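# Overview (structure and organization)
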Amino acid sequence: MVASHSLKIETTPTLRELALVKVRQAIISGYFQAGDRLVERSLCDELGVSRTVVREVIRYLEAEGLIENLPKKGPIVAVLNWQTAEQIYAIRLLLEQEAAQDCALVATAKDKKNLQQKLLRIAKASKDRDDIERVEASQAFYETLFTIARHTIAWEIVQRLNSRISRLRALTLRSPERQVAGFERMSRIYEAIEENNPDQAKEAVKQHLTEAASLAKSILTKEE
């Protein structure tokens, strides 16, 4: 008999993966502004990686909608306008309301505890004023919500938009015009799920996204 052994493959992030995370975060956080040119040599120096890695990162982020490649100008940070943002919020509203509603219907005690842990992660990031962590923690909250609701295909659609959603989320998080804190809005979503109240969960998502969309519109139309 063959001696038992672990088949687990231990992996570490590649340079490309690390560079991808860094550049994505730099765009989401506003370190690279909309319309900024992304010069390969400068990125190589800042990241400490080869041009091959930088080109792979640019191609990947172009597919995510964070970078545009313009003729005679090269790659720039994609300009985020209200026309695009409005469509993203409309898709989110449709998918997240249904997911929250079904999550509230089926969530078990274990599910609720898992979702609460994700909410506490957002609370800590908010307290630490760590915008990138708040964005990533919010994404983890929604992934858990969609998973509990068993809306796997809907989550795949959301994932394709996640980089642009994160960019919008970071934009509204920094706004002084926010009337109700994002954490408070998401707490209301959790509370409705914790009470297994689907109608309340749906309404909480609607209030959250309606306010976020209004803020984004105000910011983006001023920039235009």
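Before any of the text, the structure's been laid out above.
Residues numbered from 1 in each chain as written. Predicted model: local features only at pLDDT ≥ 70, side-chain atom pairs only at ≥ 80, totals over all residues. Heavy atoms only, no water.

## Overview of the pattern of salt bridges
For the structure shown, the criterion picks out 10 salt bridges. Among the ionic pairs, R92 bridges to E96, the shortest N-O distance being 2.6 Å. Here R92 and its partner E96 are both found in helix 4 (residues 82-106), 4 residues apart, which amounts to about one turn of the helix. Accessibility expressed as a relative area gives 6% for R92, which makes it buried. For the salt bridge of K202 with E98, the shortest nitrogen-to-oxygen distance reads 3.9 Å. Of the two residues, K202 sits in helix 9 (residues 198-223) while E98 sits in helix 4, which places them 104 residues apart along the sequence. According to the relative accessible area criterion, E98 is partly exposed, its value standing at 34%. Each of E40, R51 and R55 takes part in salt bridges that share partners, so that together they form one network. (Salt bridge = Lys/Arg side-chain N within 4 Å of Asp/Glu carboxyl O. Helix = DSSP H or I, 4+ residues; strand = E, 2+ residues; numbered from the N terminus. Buried < 20%, exposed > 50% of the residue type's maximum accessible area, 1.4 Å probe, protein only.)

## Focus on the packing of aromatic side chains
With the rule as written, the count across this model stands at 3 aromatic pairs. Plain terms: the ring middles of F146 and W155 are 5.3 Å apart, the flat faces sit at 50 degrees to each other, and that makes the pair tilted. Both residues of the pair, F146 and W155, belong to the buried class. Its end group placed over the ring of Y142, R92 keeps NZ or CZ at 5.6 Å from the ring centre. (Phe/Tyr/Trp six-rings, centres within 6.5 Å; stacked < 30°, edge-to-face > 60°. Lys NZ or Arg CZ within 6 Å of the ring centre and 35° of its normal.)

## Here's the deal with the pairing of strand 1 (residues 67-70)
Taken residue by residue, a regular strand's side chains alternate between the two faces of the sheet. Relative to strand 2 (residues 74-77), strand 1 runs antiparallel, the two sharing 4 bridges. The residue bridging L70 from the neighbouring strand is G74, located in strand 2. Linking strand 1 back to strand 2 in an antiparallel pair, the connection comprises 3 residues, with K72 at a positive phi of about 65 degrees. (Pairing = 2+ DSSP bridges.)

## Observations regarding the nonpolar core
The biggest cluster of nonpolar side chains holds 42 residues, and the ones touching the most others in it are Y89, F141, L145, F146, L168, I189 and I193. Contributions of two or more residues to this core are made by helix 4, helix 5 (109-127), helix 6 (131-149), helix 7 (152-173), helix 8 (182-194) and helix 9. Apart from the residues within four sequence positions on either side, F146 is in contact with L95, E96, A99, H151, A154, W155 and V158. Ranked by size, the runner-up nonpolar core spans 18 residues in total, among them L43, V53, V57 and I58. (Core = buried A, V, L, I, M, F, W, Y, C linked by side-chain atoms within 4.5 Å. Contact = heavy atoms within 4.5 Å.)

## What about empty space enclosed by the protein?
Summed over the entire model, instances satisfying the criterion amount to 1 cavity of 30 Å³ or more. Here the largest cavity is characterised by a volume of approximately 40 Å³. R92, E96, Y142, W155, V158, N162, I165 and R169 are the residues that line the largest cavity. Counting only elements with at least two residues in the lining of the largest cavity, the list comes to helix 4 and helix 7. Looking at which element gives the most residues to the lining of the largest cavity, the answer is helix 7, with 5 residues. Of the residues that constitute the lining of the largest cavity, the class distribution is 4 nonpolar, 1 polar and 3 charged. (1 Å grid on protein atoms, 1.4 Å probe; cavity = no way out; pocket = protein on both sides within 12 Å on 5 of 7 lines; lining within 4 Å. Points joined across faces, edges and corners; volume = space filled by probe spheres on them. Nonpolar A, V, L, I, M, F, W, Y, C, P; charged D, E, K, R; others polar.)

## Some details on the side chain of T144
For T144, the position within the fold is in helix 6. What makes T144 buried here is its relative accessible area of 9%. Polar contacts involving the side chain of T144 include one to the main-chain carbonyl oxygen of A140, which spans 2.9 Å. Aside from chain neighbours lying at most four places away, what touches T144 is N114, L115 and K118. (Polar contact = N/O pair within 3.5 Å; in protein donor to acceptor, adjacent residues only side chain to side chain.)

## What to know about helix 1 (residues 15-29)
In this model, helix 1 (15 residues) spans 21 Å end to end at C-alpha, consistent with the 21 Å of a helix rising 1.5 Å per residue. Taken together, the buried positions of helix 1 are A19, L20, V23, R24, A26, I27 and I28. Its buried side turned inward, helix 1 meets helix 2 (40-47), helix 3 (51-63), strand 1, strand 2, helix 6 and helix 7. (Expected span 1.5 Å × (residues − 1).)

## Some details on a nonpolar patch on the surface
Among the surface-exposed residues, I91, I153 and I157 lie close enough to one another that they form a single nonpolar patch of about 240 Å² accessible area. Assignment of secondary structure puts I157 in helix 7. (Patch = residues over 30% accessible without salt bridge, like charges linked within 9 Å, V, L, I, M, F, W, Y side chains within 5 Å. Areas by Shrake-Rupley, 256 points an atom, 1.4 Å probe, with all protein chains shown as cover.)

## Remarks on the layout of surface pockets
Rolled over the atoms, a probe sized like a water molecule indicates the empty space that remains. Reported here for the largest pocket is a volume of approximately 390 Å³. For the lining of the largest pocket, the secondary structure elements donating two or more residues are helix 1, helix 3, helix 6 and helix 7. When residues of the lining of the largest pocket are assigned to their parent elements, the largest contribution, 5 residues, is made by helix 7. Split by residue class, the lining of the largest pocket holds 6 nonpolar, 6 polar and 4 charged. Of the volumes computed, that of the second largest pocket is approximately 320 Å³. Every residue lining the second largest pocket is counted, 16 residues in all, and those nearest its centre are Q33, A34, R167, L171 and E223. Counting only elements with at least two residues in the lining of the second largest pocket, the list comes to helix 1, helix 7 and helix 9. Per-element tally for the lining of the second largest pocket: the top contributor is helix 1, with 3 residues.

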